[in-house]
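# Observations on the three-dimensional arrangement
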Amino acid sequence: MDAGDAILIDHFKTCTSKTKYTSFESINNSMAFSIMADETADISGKEQMSLGVHYFGTSTMSIKDEFLGFTELKKLNAEAIASSILEFSNNVGLNMIKLVGLGFDRCSIWQGKKMESNILRRRLVPKIALLCETRWSEKYKSIRLFYENFIAIKTALDELAVNKDINSSTRSRAFQLSCASSKDTFVVCLIIISTYSSILEPVFNKLQSVKTNLYTVHQYIKTSLLSILRMHRTQCDRHFNNIFETIKKTTNNLDIEIKIPRPSNKQIAQIITLPHLNNTIEFHYFYHI
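Residues numbered from 1 in each chain as written. Predicted model: local features only at pLDDT ≥ 70, side-chain atom pairs only at ≥ 80, totals over all residues. Heavy atoms only, no water.

The protein carries the name DUF4371 domain-containing protein in an unreviewed UniProt entry, which gives Macrosiphum euphorbiae as its organism.

Structure representation (structure tokens):
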């Protein structure tokens with residue numbers, strides 16, 4: 001107060017004894033925030049954790065760092081620390097959906113395997129997938145998740161590509177990825193791959209299950225999988241129409257125009273021989289797919 005902090009002076013003069021100095025409403029009104037934490041001990045030796053928040057204040061249009069408070073640590077392990085952060089945040093009413101970052105020091109408990117980050121992420125956003133590149137099933141799962149979130153990913157790339165608050169390297173990379181995913185051929189290939197990848201995914205899930213039964217997997221391939229593929233071949237018109245309707249719906253949502261690709265020299269003879277397939281885009285893709 002002696003330093004001339006007018007806000008602090010007004011806080012002591014006008015607020016009650018239990019009023020918090022930090023405005024949690026302004027934090028929740030921000031677009032996003034990060035939590036900073038550090039473990040310390042009080043004068044009695046009791047282990048506790050100090051928590052702060054880093055956010056962009058929409059009212060002042062400036063970045064702010066504010067102290068939130070202390071919380072007691074019952075144990076010095078990853079699970080206890082994560083639980084304390086979540087409990088404290090819930091008690092003060094922070095909107096944890098807007099949490100985008102966690103800041104810790106380089107202590108082994110915090111940084112060793114980044115266990116707190118994983119625990120918090122799992123508790124707050126349980127739908128985030130952790131994909132392992134060495135597992136066959138994860139390859140198919142990654143294709144499915146990318147397709148399911150493709151429109152959101154494309155929208156985010158478009159925003160990052162023009163956001164002047166982002167560094168030039170990120171903008172450039174986002175622009176390149178956005179341009180690549182804006183092509184109609186990319187959307188066509190993505191939907192075709194995701195369609196048949198989803199058919200094969202159960203096989204690899206069975207192969208990598210804890211109790212793998214090769215006979216059961218073989219029977220599934222012999223009966224279910226092959227019958228599905230045969231049905232796609234015998235009823236190709238119906239399945240193609242379903243796939244192409246999905247393609248058109250996706251491209252319409254992203255304002256992408258579907259065009260007939262420029263033919264190569266080897267394809268010109270086919271086009272002359274089969275002119276009836278060149279009337280519509282549907283016929284073109286039906287013939288070439």
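Two aromatic rings are characterised by how far apart their centres lie and by the angle between their planes. Here the structure, examined in full by the defined rule, presents five aromatic pairs. Judged by centre distance (5.6 Å) and plane angle (25°), the ring pair of phenylalanine 240 and phenylalanine 244 falls under stacked. Placement of the pair is phenylalanine 240 and phenylalanine 244 together in helix α11 (residues 236-253), with a separation of four residues, close to one helical turn. Judged by its relative accessible area of 4%, phenylalanine 244 falls in the buried class. These aromatic residues form a ring-pair network of at least three members: Phe146, Phe150 and Phe186. (Phe/Tyr/Trp six-rings, centres within 6.5 Å; stacked < 30°, edge-to-face > 60°. Helix = DSSP H or I, 4+ residues; strand = E, 2+ residues; numbered from the N terminus. Buried < 20%, exposed > 50% of the residue type's maximum accessible area, 1.4 Å probe, protein only.)

So, about helix α3 (residues 78-92). The end-to-end C-alpha separation of α3 is 22 Å, in line with the 21 Å expected for 15 residues at 1.5 Å each. Directly after α3, the chain includes glycine 93, whose backbone phi takes a positive value near 85°. (Expected span 1.5 Å × (residues − 1).)

Take helix α8 (residues 168-181) next. The end-to-end C-alpha separation of α8 is 20 Å, in line with the 20 Å expected for 14 residues at 1.5 Å each. Inspection of α8 places Ala174, Ser178 and Ser181 among the buried residues, and these make up the whole buried set. Down the axis of α8, the buried set is contained in an arc of 65°. They therefore lie on one face. Exposed and oriented more than 90 degrees from the buried face of α8 are Ser168, Ser169 and Arg173. Where α8 is buried, its residues meet α7 (150-162) and α9 (184-207). (Arc of directions from axis to C-beta. Contact = heavy atoms within 4.5 Å.)

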